[in-house]
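# Structural overview for review
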Amino acid sequence: MSEQPPTPEPAGAPEPEPIRFFGTTWVNRDNGYWLRRVGVSAGALVATAAAVLVLRFGVEGVALSDSGGFLNGLLTAAIAVCSMMAVRRTWKVLTEGKDQLTGWMAEEKSLGAVWLIGGAGSLAAYFARSLVEAPGEGAKRAAHERAVEQYGKRRAGRSGRPGAKRRR
């Protein structure tokens, strides 16, 4: 894979939005981008393992209380459902952007407990996405390319001196 030289953007062109841990290095994939990707992947994997361990301690605590098999099964099912919901939401945020969330995925406060319980699933989705690209890069890249394209169209529509007044 060959390195692409950075593309200089004209003055006034739209600036790319930074991504957490990556800044704007995702645009040209330079300045330690690949090292950061490895670090983010490893960190997400460690955080996922820690979250799963915390959930396991919680489930074992309920199991030790001798509350019955039904409650243990219900707790396990609730954790699985919350994790699946969190995975789906996180994947959509990372691939399409937070502004594309609708319905139950857009709920922040009312489903806060679901997102907390499903945190391990969310971290797992973050890890999986970091293997493909910087998490959130696809959505940011698409938005940046649209903005640059619109900027190019606006610039191409002008002719002559843009600041000059028209004579009639």
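In what follows, the structure referred to is the one given above.
So, here's what we can say about the structure. (Residues numbered from 1 in each chain as written. Predicted model: local features only at pLDDT ≥ 70, side-chain atom pairs only at ≥ 80, totals over all residues. Heavy atoms only, no water.)

## Observations concerning the overall build of the protein chain
When its secondary structure is counted, the protein chain shows five helices and zero strands. The 168 residues of the protein chain split such that 26% are buried. Of the contacts made within the protein chain by residues no fewer than 6 positions apart, 66% connect residues no fewer than 24 positions apart. A total of about 11,600 Å² of accessible surface is found on the protein chain, and carbon and sulfur atoms cover 61% of it. (Helix = DSSP H or I, 4+ residues; strand = E, 2+ residues; numbered from the N terminus. Buried < 20%, exposed > 50% of the residue type's maximum accessible area, 1.4 Å probe, protein only. Contact = heavy atoms within 4.5 Å. Areas by Shrake-Rupley, 256 points an atom, 1.4 Å probe, with all protein chains shown as cover.)

## Topic: the environment of Tyr33
Among the secondary structure elements, Tyr33 is positioned in helix 1 (residues 33-64). What makes Tyr33 buried here is its relative accessible area of 1%. Sequence separation between Tyr33 and Ala134 is 101 residues; the distance between their C-alpha atoms is 8.6 Å. When sequence neighbours within four positions are dropped, the list of residues in contact with Tyr33 reads Phe22, Thr25, Trp26, Glu133, Ala134 and Glu137.

## Examining the nonpolar core
If you look at the biggest cluster of nonpolar residues, it comprises six residues: Ile19, Phe22, Trp26, Tyr33, Val40 and Ala134. Ignoring anything within four residues of it in the chain, the contact list for Ile19 reads Trp26, Pro135, Gly136, Glu137 and Lys140. Counting residues in each nonpolar core, the second largest holds five residues, with Cys82, Ala86, Val114 and Trp115 among its members. (Core = buried A, V, L, I, M, F, W, Y, C linked by side-chain atoms within 4.5 Å.)

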